[in-house]
Amino acid sequence: MRALSHAYKRLRRVATFTALGCFVAFLLLSAYAPDLMTGTLSGGLNTGILLGLLQLPVMLAAVAAYERSARRRVDPLVEAVRVQHLQNDQNDQGTRR
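Residues numbered from 1 in each chain as written. Predicted model: local features only at pLDDT ≥ 70, side-chain atom pairs only at ≥ 80, totals over all residues. Heavy atoms only, no water.

A. Representation of a positive patch on the surface within the structure. Judged by side-chain charge, Arg-10, Arg-68, Arg-72 and Arg-73 come together as a positively charged surface patch. No other element matches the three residues that helix α4 (residues 55–96) contributes to the positive patch. Structurally, Arg-72 can be placed in helix α4. Residue class for Arg-72 comes out partly exposed when judged on its relative accessible area of 45%. (Patch = residues over 30% accessible without salt bridge, like charges linked within 9 Å, V, L, I, M, F, W, Y side chains within 5 Å. Areas by Shrake-Rupley, 256 points an atom, 1.4 Å probe, with all protein chains shown as cover. Salt bridge = Lys/Arg side-chain N within 4 Å of Asp/Glu carboxyl O. Lys, Arg positive; Asp, Glu negative; His and termini not counted. Charge placed at Lys NZ, Arg CZ, Asp CG, Glu CD. Helix = DSSP H or I, 4+ residues; strand = E, 2+ residues; numbered from the N terminus. Buried < 20%, exposed > 50% of the residue type's maximum accessible area, 1.4 Å probe, protein only.)

Structure follows, in structure tokens:
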């Protein structure tokens, strides 16, 4: 159970800090670097709008990484705990008979 708890906590931290860190960076740039955020890139598109639009792909990437990591690291641990629990239940039922 300890390994499962550790894997799940790590997974949550990485996904949260990735998405939140990118968003906080966007907010800080908006607040403290307005000249950078209002700079025009091409065809009327400025840096602020581009960075704002990039928030969605970053969030989707964080969700995809969370799901992929959960399937690789957390789900096998959950299955092991489930199997162990079922075996313990079967052993308890066998001793009651």
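B. Looking closely at the side chain of Thr-47. Checked against the element boundaries, Thr-47 lands in helix α3 (residues 47–53). A relative accessible area of 14% means that Thr-47 is categorised as buried. A distance of 3.2 Å separates the side chain of Thr-47 from the backbone oxygen of Leu-36, its partner in a polar contact. If we ignore the near neighbours within four places in the chain, the residues touching Thr-47 are Leu-36, Met-37, Gly-39 and Leu-41. (Polar contact = N/O pair within 3.5 Å; in protein donor to acceptor, adjacent residues only side chain to side chain. Contact = heavy atoms within 4.5 Å.)

C. Seen up close, the nonpolar core. Membership of the largest hydrophobic core is limited to five residues, which are Leu-4, Ala-7, Leu-11, Ala-70 and Val-74. Broken down by secondary-structure element, the contributors of at least two residues to this core are α1 (2–32) and α4. The element that contributes the greatest number of residues to this core is α1, accounting for three residues. Beyond its immediate sequence surroundings of up to four residues, Val-74 is in contact with Leu-4, Ala-7, Tyr-8, Leu-11 and Ser-69. (Core = buried A, V, L, I, M, F, W, Y, C linked by side-chain atoms within 4.5 Å.)

D. Looking closely at the pattern of salt bridges. Applying the stated criterion to the full structure yields two salt bridges. In this structure, Glu-67 and Arg-71 form a salt bridge, with 2.7 Å as the shortest nitrogen-oxygen distance. Pair noted here: Glu-67 and Arg-71 are both in helix α4, with a separation of four residues, about one helical turn. A relative accessible area of 37% places Glu-67 in the partly exposed class. Note that Glu-79 is salt-bridged to Arg-82, the shortest N-O span being 2.7 Å. Linking Glu-79 with Arg-82, this pair stays in helix α4, spanning three residues, or about one helical turn.

E. Quick look at a nonpolar patch on the surface. Residues Leu-20, Phe-23, Val-24, Leu-27, Leu-28, Tyr-32 and Met-59 make up a contiguous nonpolar surface patch of roughly 670 Å² in combined accessible area. When residues in the nonpolar patch are grouped by element, the largest group, six residues, is from α1. A residue is classified by how much of its surface remains accessible, and Leu-27, at 43% relative accessible area, is partly exposed.

Just geometry here; none of it tells us what the structure is for.
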